[in-house]
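# Descriptive structure summary
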Amino acid sequence: MTATDLGKHPLARINRLFAYLPNDIVYLFVRIAAAHVFWASGRTKVDGFALKPITIDLFRDEYALPVIPPEIAAYMAAIAEHALPILLVIGLASRLSAAGLAVMTLVIQFLVYPDAWWPQHSLWLGLLLVIVASGPGRLSIDHLLSRRG
């Protein structure tokens, strides 16, 4: 099989077709998918702008993080699960936001639900590491700000 024949191979044609998918669309999708996980979790912790009483109970009884008192941990988690996904979706401080959610994922993995690595936490971490490593793409405020500086 020659190099010319390889270009005619059906898989080569499919690969060329997918090469037209812009990375920026992929990065936007990854940001939204990762943000959704944490946003949805954050919404379960609050009622309007107030922390649900059961949230503190969860941090006291089920999550039981070492060192951090449950009241503080509950507020920190609720704030992070709302603020960081918003920043991630709009693409502002994207790498820092993704890194923060990655740390949260690792805390959940090692201190709260150690049996949930595969597939749950590994997928979350995989999405977040794409943004930490590659950035948010051109469809982001970060990109606009970097062009101005």
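Parameters and conventions
- Residues numbered from 1 in each chain as written.
- Predicted model: local features only at pLDDT ≥ 70, side-chain atom pairs only at ≥ 80, totals over all residues.
- Heavy atoms only, no water.
- Salt bridge = Lys/Arg side-chain N within 4 Å of Asp/Glu carboxyl O.
- Helix = DSSP H or I, 4+ residues; strand = E, 2+ residues; numbered from the N terminus.
- Buried < 20%, exposed > 50% of the residue type's maximum accessible area, 1.4 Å probe, protein only.
- Patch = residues over 30% accessible without salt bridge, like charges linked within 9 Å, V, L, I, M, F, W, Y side chains within 5 Å.
- Areas by Shrake-Rupley, 256 points an atom, 1.4 Å probe, with all protein chains shown as cover.
- Core = buried A, V, L, I, M, F, W, Y, C linked by side-chain atoms within 4.5 Å.
- Contact = heavy atoms within 4.5 Å.
- Axes fitted to C-alpha atoms, helices over the stretch in contact; angles between N-to-C directions.
- Parallel < 35°, antiparallel > 145°, perpendicular 65-115°, else oblique.
- Left-handed = near helix turned anticlockwise from the far one by under 90°.
- Nonpolar A, V, L, I, M, F, W, Y, C, P; charged D, E, K, R; others polar.
- Phe/Tyr/Trp six-rings, centres within 6.5 Å; stacked < 30°, edge-to-face > 60°.

### What to know about the pattern of salt bridges
Opposite charge on two side chains permits them to pair, given that their charged atoms come into close proximity. Tallying each qualifying case throughout the model produces 4 salt bridges. In this structure, R60 engages E71 in a salt bridge whose closest nitrogen and oxygen atoms are separated by 3.2 Å. Here the residue R60 occupies a position in helix α4 (residues 53-63), and E71 occupies one in helix α5 (residues 70-90), the gap between them amounting to 11 residues. Judged by its relative accessible area of 35%, E71 is partly exposed. One network of salt bridges, in which partners are shared, links D57, R60 and E71.

### Some words on a nonpolar patch on the surface
Taken together, the side chains of I32, W39, I86, V89, I90, I141 and L145 define a hydrophobic patch exposed on the protein surface, amounting to about 550 Å² of accessible area. If you list the elements that add at least two residues to the nonpolar patch, you get α3 (23-43), α5 and α8 (141-148). Take the nonpolar patch: its biggest share by element is 3 residues, from α5. Tracing the backbone through its elements, the reader meets I90 in helix α5. Its relative accessible area of 38% is what places I90 among the partly exposed residues.

### Some thoughts on the nonpolar core
Among the nonpolar cores identified, the biggest contains 26 residues, and F38, L51, F59, L88, L101, M104 and L128 are the most heavily contacted of them. Of all elements in the fold, only α3, α4, α5, α6 (94-112) and α7 (117-134) reach the threshold of two or more residues within this core. Apart from residues lying up to four places away in sequence, L51 is in contact with K45, V46, I56, A74, Y75 and A78.

### Considering the packing of α3 against α7
Two numbers describe how α3 lies on α7: the axes approach to 9 Å, and their chain directions differ by 135 degrees. Regarding the angle of α3 to α7, the classification is oblique. α3 and α7 meet at a crossing whose hand is left-handed. The segment α3 lies against α7, with Y27, V30, R31, A33, A34, V37 and F38 engaging W124, L127, L128, V130, I131 and S134. Per-class residue counts for the contact of α3 with α7 are 11 nonpolar, 1 polar and 1 charged.

### Quick look at the packing of aromatic side chains
Applying the stated criterion across every chain, the model contains 3 aromatic pairs. Through a chain of ring-to-ring contacts, the aromatic side chains of F59, Y63 and Y113 assemble into a single cluster.

### Quick notes on the environment of R31
The topology assignment puts R31 in helix α3. On the basis of relative accessibility, which here comes to 0%, the residue R31 falls in the buried class. Each C-alpha atom of the pair R31 and E71 lies 29 Å from the other, and the pair is 40 residues apart in sequence. Dropping the residues within four chain positions of it, R31 is found in contact with L88, V89, I90, G91, I131, P136, L139 and S140.

### Notes on unusual backbone geometry
Note the cis peptide between W118 and P119, where omega equals 5 degrees. A positive phi angle is found at A64, which is not glycine, with a value near 40 degrees. Following the sequence through the fold, A64 ends up in the loop between α4 and α5. By relative accessible area, which is 43% here, A64 ends up partly exposed.

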